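Residues per chain, in single letters:
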Amino acid sequence: MDIPENVRAVLRTLEAAGHEAWCVGGCVRDAMLGKTPEDWDVTTSAPPQETLTVFGSQAEPTGLKHGTVTVKTPGGPVEVTTYRIDGMYRDHRRPESVTFTRSVEEDLARRDFTVNAMAWNLRGELRDPFGGREDLRRGLLRCVGDPDRRFQEDALRILRGLRFSSALGLAIESGTAAAVLRNREGLGDIAPERIQVEFFKLLPGKQAAEVLRGYPEVFGVFWPELLAMVGFDQRNRHHCYDVWEHTLHALDAVPGDLVLRCTMLLHDVGKPDSFTLDEAGVGHFYGHPAVSRDLADGMLRRLKCGTDFRETVVRLVEWHDKDIPRTDKSIRRALRILGEEDLRRLILVKRADNLGQAPEFWERQRELDKAEKILDKLLAEDACFSLKQLAVKGGDLLALGFSGPAVGAALEELLEKVMDGALPNERGALLAALQKNR
Ligand code: ATP
Ligand code: MG
């Protein structure tokens, strides 16, 4: 493992001033896994005031109460935190007080999982009092100390554990797994914003479907709507799985991208509420995309998701079951409404939804291949599908004497005609058409 030069410089400065200093936590874990750490955290024996003094104008007191000083370096900010012990916990959330200590082992003991409780210094010495390296080697996620106690102190650790299992492909050690389930209700006390952060790091993970399958009750604490899908028999020959299993297969079939994963998780969440059985005993879910859309909107709002993200997911959920005929005209229309990025996403969503159905229906993939081909062709030939691309602009219409809402209406009408192929997207032809209609 190579510690980047800017981080080495921070460690050297602290050591030169007579303190201990280590890289700690996620960066040590990721480096051992051969992954490039996103950021490098440093832990030190130096008290926060001392760290501030040592780094002078380079230092910023970003979290003094918890012993954290941010050091600005040419390679980006590095967080330097004094060795600490967390005091009593209140409400399964945050420690009431923190105490600084002289022992790196004591600092490592407050950390959540063994794989996150390792420290590495400039000389390559490793401090690993809980066997994190061995757990990593065996692919195990295990709490530091008694898991029930650790989850009662801070219930967010429950979700962090599932997140590390999903993202790093670690199996959850059985004692830790049992405690995850026993203590799940504590998540009810955690701020939705913090749940969102961990949950959204979990969804893109390579083992997201396995983790969702293993612990639906945990996710049900903040999204109880998911629980109605578990074991819900679809009674329909298109489906070889219940709604939840179908959802997980579909989720597994999209790339590890947050928008796509979240869309797949929610695309059928309205099915249990829209179920009907016909005389032949066959199940139907008429109108389920709209029900899913409304539920998804509420669920994403509850987690305080950003507006753009929520609207994108909600729209893909609403569209997931729409048939898009494989014609230039209909693909252009879909492009007009969704734009290229979301139409490409929709195709991936529809592919995955289909792959979550019984295999005898997988030939539907060919239709999606066709849709994708047409989409590529239209984009390659610069097909017009938005007002931005239209060969006349609002100014042209004003010059012709249009005013007020008539400008927008006339542009829309021209775009319709161009998209239908009734008019070419050429300035002369469009102006002529406008004059004819005056
Ligand atoms: P990521 O790669 O997502 O940043 P990370 O392990 O670095 O993962 P952070 O949230 O950045 O996670 O936390 C840094 C370190 O702080 C962790 O590795 C862990 O040692 C410790 N830590 C973070 N949150 C908690 C917590 N809730 N309880 C105990 N220790 C924690
Ligand atoms: Mg980190």
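Reading the values: the criteria
Counting restarts for each chain, with residues numbered from 1 along the sequence as it is written. Throughout, the order in which chains and ligands are written sets their labels, letters from A for the former and numbers from 1 for the latter. The model is predicted, so local features are restricted to residues of pLDDT at least 70 and side-chain atom pairs to those at 80 or more, both for listing and for counting; the totals for chains, interfaces and linings are taken over all residues. Only hydrogens and water are set aside when side-chain values are computed; all heavy atoms of the structure are taken into account. One heavy atom within 4 Å of a molecule or strand makes the whole residue count as near it. Two N or O atoms form a polar contact when they lie within 3.5 Å of each other; inside protein one atom must be a possible hydrogen donor and the other a possible acceptor, and for residues adjacent in sequence the pair counts only when both atoms belong to side chains. Using a 1.4 Å probe, accessible areas were evaluated by the Shrake-Rupley method; residue-level cover was limited to the displayed protein chains. Helix and strand assignments come from DSSP, with helices taken as H or I runs of at least 4 residues and strands as E runs of at least 2, each series counted from the N terminus. As a working rule, the residues Ala, Val, Leu, Ile, Met, Phe, Trp, Tyr, Cys and Pro are called nonpolar, Asp, Glu, Lys and Arg charged, and the rest polar, with Gly in that last group. Residue ranges for the domains originate in an automatic or database domain assignment. Remark: nonpolar core denotes a set of buried residues (Ala, Val, Leu, Ile, Met, Phe, Trp, Tyr, Cys) joined through side-chain atoms within 4.5 Å. Exposure classes here rest on a 1.4 Å probe applied to the protein chains alone. A residue is buried below 20% of its type maximum, exposed above 50%, and partly exposed in between. The contact criterion used is simple: two residues touch if any of their non-hydrogen atoms lie within 4.5 Å. Any two rings among Phe, Tyr and Trp, with Trp reduced to its six-membered ring, count as a pair given centres within 6.5 Å; such a pair is stacked if its planes are under 30 degrees apart, edge-to-face if over 60, and tilted if neither. We call a charge positioned over a ring when the NZ of a Lys or the CZ of an Arg lies within 6 Å of the ring centre and within 35 degrees of the ring normal.

Asker: What should I look at first to understand the site of ligand 1 in this one?
Answerer: Contacts to ligand 1 come from 15 residues, most closely from R29, N116, D154, R157 and R163. A distance of 3.2 Å is found between a nitrogen atom of ligand 1 and a backbone nitrogen or oxygen belonging to D112. Isolated, ligand 1 exposes 590 Å² of accessible area, and the fraction of that covered by the protein chains is 76%. Those elements giving two or more residues to the shell around ligand 1 turn out to be α2 (26-32) and α7 (156-168). No other element matches the four residues that α7 contributes to the shell around ligand 1. Considering only residue class, the shell around ligand 1 consists of one nonpolar, three polar and 11 charged. Built from parts of two domains, the shell around ligand 1 gets at least three residues from each of domain 1 (1-129) and domain 2 (139-222).

Asker: I tried to follow the nonpolar core on my own but got confused; where do I start?
Answerer: Soluble globular proteins tend to bury their nonpolar side chains together. Core analysis: the biggest nonpolar cluster contains 117 residues, and F199, F219, W223, L266 and L300 have the highest contact counts within it. In contact with F199, not counting residues within four places along its chain, are L159, L212, F219, F222, W223, L265 and L303. One finds W22, Y83, A117 and V144 within the second-largest nonpolar core, a separate group that totals eight residues.

Asker: Mind showing me how you'd approach the packing of aromatic side chains here?
Answerer: To describe a pair of aromatic rings, one takes the distance between the centres and the angle between the planes. Summed over the entire model, instances satisfying the criterion amount to 11 aromatic pairs. With a centroid separation of 5.2 Å and an interplanar angle of 80°, the aromatic rings of F232 and F275 are classed as edge-to-face. Separated by 43 residues along the polypeptide, F232 in the loop between α11 (216-219) and α12 (243-252) and F275 in the loop between α14 (271-274) and β14 (276-277) bring together distant segments of the chain. One aromatic cluster is present, built from ring pairs that chain together F199, F200, F219, F222, W223 and F309. Lying over the aromatic face of W319, K322 brings its terminal NZ or CZ to 4.4 Å of the ring centre.

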